Amino acid sequence: MTIKSAEFIKGVVSDDAILFDNIPHIAFIGRSNVGKSSVINAIVGRKKLVKSSSTPGKTREINFFLIDEKVYFVDLPGYGFAKASFTQREKIRQLILWYLTDIEVKNRKIVLIVDAKVGLTKLDLEMIDILNDNQADYIIVANKADKLKRNDRQKTVKEISKNSFGKIVYLFSAKKGEGKNDLLTAIFE
Ligand SMILES: Nc1nc2c(ncn2[C@@H]2O[C@H](COP(=O)(O)OP(=O)(O)O)[C@@H](O)[C@H]2O)c(=O)[nH]1
Ligand SMILES: [Mg+2]
């Protein structure tokens, strides 16, 4: 399947009508610099729909993109940007928690993006706990798979899956376009 249209709607940082308009959400969450913007651009098939920046931690809003006029891709700010101040990191953490726990969306799927080469960090594990505590419907995408040696691919998938209570892990490379079809199918199934 391919996505036909994608349009930036708006960025929000607090209550907003867009949160309650009954359009389903597919929300992308991940550590800063994990390649979240790149993954979204790759599956949408647009190089620059979402700004992919070399200065991580810049996006502080929850950005809404209308996809094929029927579902939002929700791009959440990346967590854990090391160079941000404690206050900035805490603000982002609170914004993510607010979106996940306070905002009730009838139809919401979450795509947690992690770094295939780095594996699950402490903050990723914390996010997995939050998602589980909230009974979130989520999948895990291990991006930057192009950085893995061929022999390490299955090991990586198993390791991440083991530490996320058996979640399916989708190997992905935004750089190479690997895993696009499987991910699109998983998202829209
Ligand atoms: N090798 C490799 N690098 C990637 C991949 N996806 C993203 N990157 C790089 O990782 C950095 C962060 O990407 P970006 O999409 O801005 O990450 P974000 O902060 O999570 O939105 C950039 O330098 C990208 O070029 C990938 O699949 N493979
Ligand atoms: Mg980004």
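This text follows the structure it describes.
Here, residues in each chain are numbered from 1, in the same order as that chain's written sequence. The lettering of chains begins at A and the numbering of ligands begins at 1, in the order of writing. Note on the predicted model: pLDDT of at least 70 is required for a residue's local features to be given, and 80 or more for side-chain atom pairs to be given and counted; whole-chain, interface and lining totals, by contrast, use all residues. Side-chain metrics rest on all non-hydrogen atoms present in the structure, leaving aside hydrogens and water.

Focus on the overall build of the protein chain
Scanning the protein chain for helices and strands turns up five helices and seven strands. Put simply, DSSP H or I for four residues or longer makes a helix, DSSP E for two residues or longer makes a strand, and each gets a number counted from the N terminus. Each helix (α) and strand (β) of the protein chain, taken in turn from the N terminus, gives the series β-β-α-β-β-α-β-α-β-α-β-α. For 189 residues, the compact-globule estimate of 2.2 N^0.38 gives 16 Å, and the C-alpha radius of gyration of the protein chain, at 15 Å, lies within 12% of that figure. Oriented by its inertia axes, the alpha-carbon framework of the protein chain measures out at about 50 × 40 × 35 Å. By the burial criterion, 51% of the 189 residues in the protein chain qualify as buried. Look at the contacts in the protein chain between residues 6 or more apart in sequence, and 74% of them connect residues 24 or more apart. Methods summary: accessible areas were calculated by the Shrake-Rupley approach with a probe of 1.4 Å, and residue burial reflects only the protein chains presented. Of the roughly 10300 Å² of accessible surface on the protein chain, 48% is carried by carbon and sulfur atoms. Positive charges come from Lys and Arg, negative ones from Asp and Glu, while His and the chain ends are left out of the count. Working definition for charges: the position is that of NZ of Lys, CZ of Arg, CG of Asp or CD of Glu. Each charge sign in the protein chain was given a centre, from 32 positive and 23 negative side chains, and these centres are 9 Å apart. The atom set for the radius of gyration is the C-alpha atoms, and the globule formula is 2.2 Å times the number of residues raised to the power 0.38. Only protein chains enter the accessibility calculation, which uses a 1.4 Å probe; a residue is then buried when its area is under 20% of its type maximum, exposed when over 50%, and partly exposed in between. Any two residues whose heavy atoms approach within 4.5 Å at even a single point are treated as in contact.

Focus: the nonpolar core
By nonpolar core is meant a set of buried Ala, Val, Leu, Ile, Met, Phe, Trp, Tyr and Cys residues that side-chain atoms within 4.5 Å join together. Core analysis: the biggest nonpolar cluster contains 40 residues, and Ile29, Ile62, Tyr99, Leu100, Leu112 and Met127 have the highest contact counts within it. Among the elements that line this core, the one with the most residues is helix 2 (residues 86-102), at seven residues. Leaving out residues up to four positions away in the same chain, leucine 100 has contacts with Ile29, Arg108, Ile110, Met127, Ile130, Leu131 and Asn134.

A word on the site of ligand 1
Any residue with a heavy atom positioned within 4 Å of a molecule or strand is treated as near that molecule or strand. Around ligand 1 sit 16 residues, and of these Lys36, Ser37, Ser38, Asp146 and Ala174 come closest. Measuring from a nitrogen atom of ligand 1, one finds a side-chain N or O atom of asparagine 143 at 3.1 Å. Within the complex, 78% of the 590 Å² of free accessible area of ligand 1 lies under protein. Here the shell around ligand 1 gets three residues from one element, more than from any other, and that element is helix 1 (residues 36-44). Distance and chemistry together define a polar contact, namely a pair of N or O atoms within 3.5 Å, with one atom able to donate a hydrogen and the other to accept it when in protein, and with adjacent residues in sequence counting only for side-chain atoms on both sides.

In short, the description is geometric, and any link to function would need to be established separately.
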